[in-house]
Amino acid sequence: VRVISYGQDQTEILQLQDQFEQLQRKVKGYQTEVEDLREKELDNHYLIARSNETKHILKTIHNVSKTDATILLLGPSGVGKSTFARAVHDQSNRKKEPFIEVNCSTIPESLFESEIFGYEPGSFTGANKQGRQGLIEQADSGTLFLDEIGELPLAMQAKLLKVLQEKKIKRIGGKKENHINFRLVAATNQDLKEMVSQGKFRLDLFYRLNVIPIQIPALHERKEDIPLLIQHYLEKTNDKYQKYKKIHPSTYEVLTHYHWPGNIRELENLIERLILTIEEPIIFPEHLPQSITGQVEQPEDSTFLAIEQECVENFDLKKTLENVERQLIAKAWKKCKTTYEMAEHLGISQPTVIYKLKKYKQYL
Ligand SMILES: Nc1ncnc2c1ncn2[C@@H]1O[C@H](COP(=O)(O)OP(=O)(O)OP(=O)(O)O)[C@@H](O)[C@H]1O
Ligand SMILES: [Mg+2]
């Protein structure tokens, strides 16, 4: 008697399907890009260690990375605490899982709890309607890196301690406690023990964190790393800006004796600045800012430097040899008490010493 007919315009569905496929392609593209970036970042984590101090730190990190022990990185600003924290994660079994970095000094105290623990929908005014995962939850099965932990407000210290003890968290406004499996790495440039004695840091939290403390010395306390770091950043910056600058050996020497209050970060910035602002192909000590040259302790023996410089600046063999000879004679003259002693020191005969002294007497 009646016929029911049902029809639907397919255009919209087809359009949606098309959009969906486009999105899928985009996501795939982003995935590849993220993987590429991750690999590049890993390359960037190439760590320089020439001094025994830094080698020892890398060895400790290597030994403890695979465990879940809490690591506390200590040391002044710019020495590499964040870099070593990342190295711990990259060498651990959690390396494919998230590495969540939280800088305790940059989160305002009022937001700390919601950032760290997350919240359930409608738990406070201004909160996201869907609720939000906290940073600890995001670090589940990975590593949580709490940087500048000395800046953690006391009230938060108590809450963090509870999480570390129970490995469970409850979102703000939530009822359920979730078990979270994360490895903790913390860092600070403050003296936590001193803070404990001043009542600014909880002793119980300090003990929880201080399981494997790693003290990273200031750069001037591990001078052997400096030339290699300069070389590393020189290559890196040259590559980045397609420059071909070189650094003269005497500049290396000056930089090795500078006290680097900003540590490796200062070194990195200086090399970049020099490469970008100095027009000459070779960077000499005169190109360094006065703030550096004025602060350098004079190395005990500058003869080596003067000779090196001679070799770089001069191509005249006879003149260069004479200059080098003059400097060695002058050095022995200062050091030795008699011409016989000088002869022995220089490996030449005493009459030759007399002859050379006469020759260079105006320089002595
Ligand atoms: N061993 C190393 N080899 C090469 N580069 C390094 C090394 N250690 C640190 N760096 C570099 O030095 C810079 C400063 O390091 P990092 O940011 O880790 O220092 P930090 O101690 O965390 O400083 P802050 O206390 O200011 O947070 C970074 O660019 C890092 O890549
Ligand atoms: Mg840091």
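Each chain has its residues counted from 1, running along the sequence as written. In the order they appear in the text, chains get letters beginning with A and ligands get numbers beginning with 1. The model is predicted, so local features are restricted to residues of pLDDT at least 70 and side-chain atom pairs to those at 80 or more, both for listing and for counting; the totals for chains, interfaces and linings are taken over all residues. Side-chain numbers come from the whole structure's heavy atoms, not from hydrogens or water.

**Section: the pairing of strand S9 (residues 212-215)**
At step 1: Note on exposure labels: buried denotes an accessible area under 20% of the residue type's maximum, exposed denotes more than 50%, and partly exposed covers the range between, all computed with a 1.4 Å probe on protein chains only. Each helix is a run of DSSP H or I of at least 4 residues and each strand a run of E of at least 2, with the numbering of both proceeding from the N terminus. Judged by which residues are buried, S9 turns out to be one-sided: Ile-212 and Ile-214 face inward and are buried, whereas Pro-213 and Gln-215, on the alternate face, are not.
At step 2: A pair of strands counts as paired when DSSP detects no fewer than two bridges linking them. Two strands pair when backbone bridges link them, and strand S1 (residues 71-74) and S9 are joined in this way by four bridges, in the parallel orientation. Along S9, the bridge assignment pairs Ile-71 with Ile-212.

**What about the packing of helix H14 (residues 317-335) against helix H16 (residues 350-359)?**
At step 1: Axis definition: a line fitted to C-alpha atoms, limited for helices to the stretch in contact. Angles are taken between N-to-C directions and run from 0 to 180 degrees. Contact geometry for H14 and H16: axes closest at 10 Å, N-to-C directions at 110 degrees. The angle between H14 and H16 falls in the class roughly perpendicular. Touching Glu-322, Glu-325, Ile-329 and Trp-333 of H14 are Lys-356, Leu-357 and Lys-359, all from H16.
At step 2: Considered class by class, the residues forming the contact of H14 with H16 number three nonpolar, no polar and four charged. By the definition adopted for this analysis, an angle is roughly parallel if under 35 degrees, roughly antiparallel if over 145, roughly perpendicular if from 65 to 115, and oblique otherwise. In what follows, residue pairs with any heavy atoms lying within 4.5 Å of each other are defined as contacts. Amino acids outside the nonpolar list (Ala, Val, Leu, Ile, Met, Phe, Trp, Tyr, Cys, Pro) and the charged list (Asp, Glu, Lys, Arg) are all regarded as polar, and Gly is one of them.

**Remarks on the domain arrangement of the protein chain**
A common way to state how big an interface is: give the accessible area lost once the parts meet.
At step 1: By domain assignment, the protein chain separates into domain 1 (47-217), domain 2 (221-293) and domain 3 (303-363).
At step 2: Segmentation of the chain into domains, including their bounds, is taken from an automatic or database domain assignment. Centre-to-centre separation of domain 2 and domain 3, based on C-alpha positions: 31 Å.

**Considering helix H3 (residues 81-90)**
In an α-helix, one turn spans 3.6 residues, which is why side chains three or four residues apart end up on the same side.
At step 1: Summarising burial for H3: eight of the 10 residues are buried, a large majority.
At step 2: Within H3, burial applies to Lys-81, Phe-84, Ala-85, Arg-86, Ala-87, Val-88, His-89 and Asp-90.

**Concerning the site of ligand 1**
At step 1: Near residues are defined by distance, with any heavy atom within 4 Å of the molecule or strand qualifying the residue. Taken together, 16 residues sit near ligand 1, with Ser-77, Lys-81, Ser-82, Thr-83 and Glu-268 positioned nearest.
At step 2: Polar contacts here mean pairs of N or O atoms no more than 3.5 Å apart (in protein, one a potential hydrogen donor and the other a potential acceptor; neighbouring residues in sequence count only if both atoms are side-chain atoms). Gly-80 is positioned such that a nitrogen or oxygen atom in its backbone is 3.0 Å from an oxygen atom of ligand 1.
At step 3: Take Glu-268: an N or O atom from its side chain is 2.6 Å from an oxygen atom of ligand 1.
At step 4: We get accessible surface area from the Shrake-Rupley algorithm with a probe of 1.4 Å; when it comes to residues, only the shown protein chains can shield them. Contact with the protein chains hides 86% of the accessible area of ligand 1, taken as 630 Å² for the molecule alone.
At step 5: Listing elements by their share of the shell around ligand 1, those giving two or more residues are H3, helix H9 (225-241) and helix H11 (263-277).
At step 6: Tallied by class, residues from the shell around ligand 1 come to eight nonpolar, five polar and three charged.

**Points about the environment of Lys-59**
At step 1: Structurally, Lys-59 can be placed in helix H2 (residues 52-65).
At step 2: On the basis of relative accessibility, which here comes to 57%, the residue Lys-59 falls in the exposed class.
At step 3: Separated by 198 residues in sequence, Lys-59 and His-257 place their C-alpha atoms 26 Å apart.

**A few points about the packing of H14 against helix H15 (residues 339-346)**
At step 1: In contact at an axis separation of 9 Å, H14 and H15 are set at 130 degrees when each is read in the N-to-C sense. In terms of their interaxial angle, H14 and H15 are classed as oblique. As for how H14 packs across H15, the hand of that crossing is right-handed. In this structure, H14 contributes Leu-328, Ile-329, Ala-332, Trp-333 and Lys-335 to the contact, and H15 contributes Glu-341, Met-342, His-345 and Leu-346.
At step 2: Split by residue class, the contact of H14 with H15 holds six nonpolar, one polar and two charged. In this scheme, a crossing is called left-handed if the near helix is turned counterclockwise away from the far one by less than a right angle; it is called right-handed if the turn is clockwise.

**Topic: the packing of aromatic side chains**
At step 1: Only rings of Phe, Tyr and Trp enter the pairing, Trp through its six-membered ring, and a pair is recorded when the two centres are within 6.5 Å. The plane angle decides the type: under 30 degrees is stacked, over 60 is edge-to-face, the rest tilted. One pass over the structure, following the stated rule, counts three aromatic pairs.
At step 2: Ring geometry for Phe-99 against Phe-145: centres 6.0 Å apart, planes inclined by 25 degrees, an arrangement best described as stacked. Of this pair, Phe-99 sits in strand S2 (residues 99-103) while Phe-145 is found in strand S5 (residues 143-147), placing the two residues 46 residues apart along the sequence.
At step 3: Among the residues examined, Phe-145 registers a relative accessible area of 0% and is labelled buried.
At step 4: Where Tyr-258 meets Trp-260, the ring centres are 4.7 Å apart and the plane angle is 75 degrees; that geometry is what we call edge-to-face. Taken individually, Tyr-258 and Trp-260 each receive the classification buried, so the pair is uniform in this respect.
At step 5: Above the face of the Phe-182 ring, Lys-167 is positioned so that its terminal group lies 4.5 Å from the ring centre. Over a ring means this: the NZ of a Lys or the CZ of an Arg is within 6 Å of the ring centre and within 35 degrees of the ring normal.

**Examining the sheet that holds S5**
Sheets are built from strands paired through backbone hydrogen bonds, the pairs being either parallel or antiparallel.
At step 1: Spatially, five strands are ordered S2-S5-S8-S1-S9 in an open sheet, and the strand pairing comes out parallel. Since the sheet does not close on itself, it has two edges, and those belong to S2 and S9, each with one partner. Within this sheet the neighbouring strands show an average axis-to-axis angle of 15 degrees, counted without direction.
At step 2: For S5 and strand S8 (residues 183-188), the ladder comprises four bridges, and the chain directions are parallel. Residue pairing across strands places Phe-145 opposite Val-185, the latter belonging to S8.

**Some words on H15**
At step 1: Every buried residue of H15 is accounted for by Thr-339, Met-342 and Ala-343. Viewed along the axis of H15, the buried residues span an arc of 100 degrees, placing them on a single side of the element. In H15, those exposed residues whose orientation departs by more than 90 degrees from the buried face are Tyr-340 and Glu-344.
At step 2: Residues of H15 that are buried in the fold lie against H14 and H16.
At step 3: Among the residues trailing H15, Gly-347 stands out with phi positive, at a value near 75 degrees. The arc in question is formed by the directions pointing from the helix axis toward the C-beta atoms.

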